[in-house]
Structures are given as structure tokens and as C-alpha cells.
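# Coordinate analysis (summary)
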Amino acid sequence: MKIEPLPGKFNCDYYVECNRSLPKKLRKDIVAGNWPYIGVNYGKAKIAGKDCRILVVAMDQGGGGEAYGEDFETRQNEWYGAFFNRVNAHTGGTHLIVKHLVDNKNPEDFVAEFAHTNSVKCSPKKEMEQMKSESTAMMRKCCRNHLERELEIFKPDLIITEGRGPSDMLKDVLNLSVADYQSRDNTTGKVCEVYEGQPIVLAGPHPARTLKWKYGKSLPSWYRKAIDRVRNVVEKG
């Protein structure tokens, strides 16, 4: 499977409309233009011996960001390194999730075997430690159209959502209601849900909400139970 980017810089017909939906004080420093990360071996990850297209859907474009007009090649190189080296709580947590999920535990391999996108492509610029989403209803509405198109292109077998915003948007797009499986952290109340349709959906908290995921060698047991359920579903076909 090969996905070719459009030529030129990232661009969006909704940009002006979405920017105007923000409070005036936030419009100047909007971080806009966010290509997905597409591992060069996307679609070749193996789960229980079976090839699996894995798409991770996270929250808004991150806090630091660069100017409007990010180029595709830079995005791929920087994000491969970020996921491989676990440079922050988000990429570190995603690294652990994918590692526990796939058969091949070599990060040089599995980091190149999944794709990652954000449910909202733009956001007001903010400090990296600030995880509050400031996306507007207009931004979420417009970016839902992007997500629907991405699903058509990526054709994922498995979608992993990180955070309530991406989970809610994805459930709405796929018309999901009652989960087939649920695991819970009894201490914090955080929940993982597994929807066993096509595609399979693993809806869980954002890794950055649990900072120790960056530094740990494994995920908490309640999250691992949900991943094990996904592996069983894939294995049974």
C-alpha cells in the first residue's frame, strides 16, 4: 500500500472560517497545517500473525507547533524520531501502546508500521505542558470532514483513539454506541473501550494524561487488558 502526498504545503479550505471561530486573542498564534504521520511500512504491522493497518487518532495539533505550511517530508522524519525516541508523554505513550499491540517488538520496525493523525488539525499555540483543547465547534465540524476522508484513504483495520475528543468524533463518524468490552482504572476512573466491528476501535485516554507512560517500560494492567482483547479479536478474525 502506497499513499502519495499532494504536492506543495499543507493547505485547508476551512482555515479562514475556523480561525474566525476562535476568540480574537487566540487567532494570531494559531498553529495550522498538520499532515498525518504515515509510517513507510504502514499496513505491514502484524497482530497475532495477521497484517493490520493501524491508525492512531489523537487530539488537537500539539502545543509547540510550527508556522502554517508544514511540509510532508519534515513531518514524517520528525515524527518517526519522536515516536522512536519517546520524546514526550504523548509519543512515549503511543510507542508503548503500539509495542504491546504488535508481534514485532523492535521499535525500528513497529514505529514505521502505523499511521497517526489528529482529530483537529489546527489549534491556538500554547505551552507544551498545557493539554487543554481550545478547538471550537466549527473547527471540530470542519475537521470531521478531513477525518472521514482519511479513513477512506487509510482503510484502517484498527483505530486507536487517544482522548475524549478524538473518541467522540470517531464514534460519531462510525456510528458506534455500546462497547463490546471495557476495562477501567479503579483509581482514576479512566476507561478503555473496545468496539469489535470493522474497523476495530480501541478508545482510550490520551497518554499525556498519564505522564509516567513516557518513562515506564510497560502500560498499566487495565490498558493492557484492552489491548489483549483487541489481539484476541484480530486473531479470531
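Below you will find a few notes about this structure. (Residues numbered from 1 in each chain as written. Predicted model: local features only at pLDDT ≥ 70, side-chain atom pairs only at ≥ 80, totals over all residues. Heavy atoms only, no water.)

## Here we look at the pattern of salt bridges
As enumerated under the stated definition, the model contains nine salt bridges in all. Between Glu-150 and Lys-121 there is a salt bridge, with its nearest N and O atoms 2.9 Å apart. A residue pair is termed long-range when its members are at least 10 positions apart, and Glu-150 in helix 6 (residues 137-154) and Lys-121 in the loop between strand 6 (114-120) and strand 7 (123-124) qualify at 29 residues. Overall, Lys-121 belongs to the buried group, its relative accessible area being 3%. We note a salt bridge from Arg-229 to Glu-196, for which the minimum N-O separation is 2.6 Å. Here Arg-229 is found in helix 9 (residues 221-236), whereas its partner Glu-196 is found in the loop between strand 10 (191-195) and strand 11 (200-204), with 33 residues between them in sequence. What makes Glu-196 partly exposed here is its relative accessible area of 29%. Among the charged side chains, a network of salt bridges with common partners joins Arg-144, Glu-148 and Asp-172. (Salt bridge = Lys/Arg side-chain N within 4 Å of Asp/Glu carboxyl O. Helix = DSSP H or I, 4+ residues; strand = E, 2+ residues; numbered from the N terminus. Buried < 20%, exposed > 50% of the residue type's maximum accessible area, 1.4 Å probe, protein only.)

## Some thoughts on the packing of aromatic side chains
Taken as a whole, this structure holds eight aromatic pairs when the rule is applied. Look at Tyr-37 and Phe-83: their rings are 5.5 Å apart centre to centre, the planes differ by 45°, and that puts the pair in the tilted class. Of this pair, Tyr-37 sits in strand 2 (residues 37-38) while Phe-83 is found in helix 3 (residues 72-85), placing the two residues 46 residues apart along the sequence. What makes Tyr-37 buried here is its relative accessible area of 2%. Seen in terms of ring centroids, Phe-83 and Phe-114 are 5.1 Å apart; in terms of plane orientation they differ by 70°. Their pairing is edge-to-face. With Phe-83 in helix 3 and Phe-114 in strand 6, this pair connects stretches of sequence that are 31 residues apart. Here the aromatic cluster, defined as three or more aromatic residues joined through ring pairs, consists of Tyr-37, Trp-79, Phe-83 and Phe-114. Of note, Arg-75 hangs over the ring of Trp-79, and the distance from its end group to the ring centre comes to 4.0 Å. (Phe/Tyr/Trp six-rings, centres within 6.5 Å; stacked < 30°, edge-to-face > 60°. Lys NZ or Arg CZ within 6 Å of the ring centre and 35° of its normal.)

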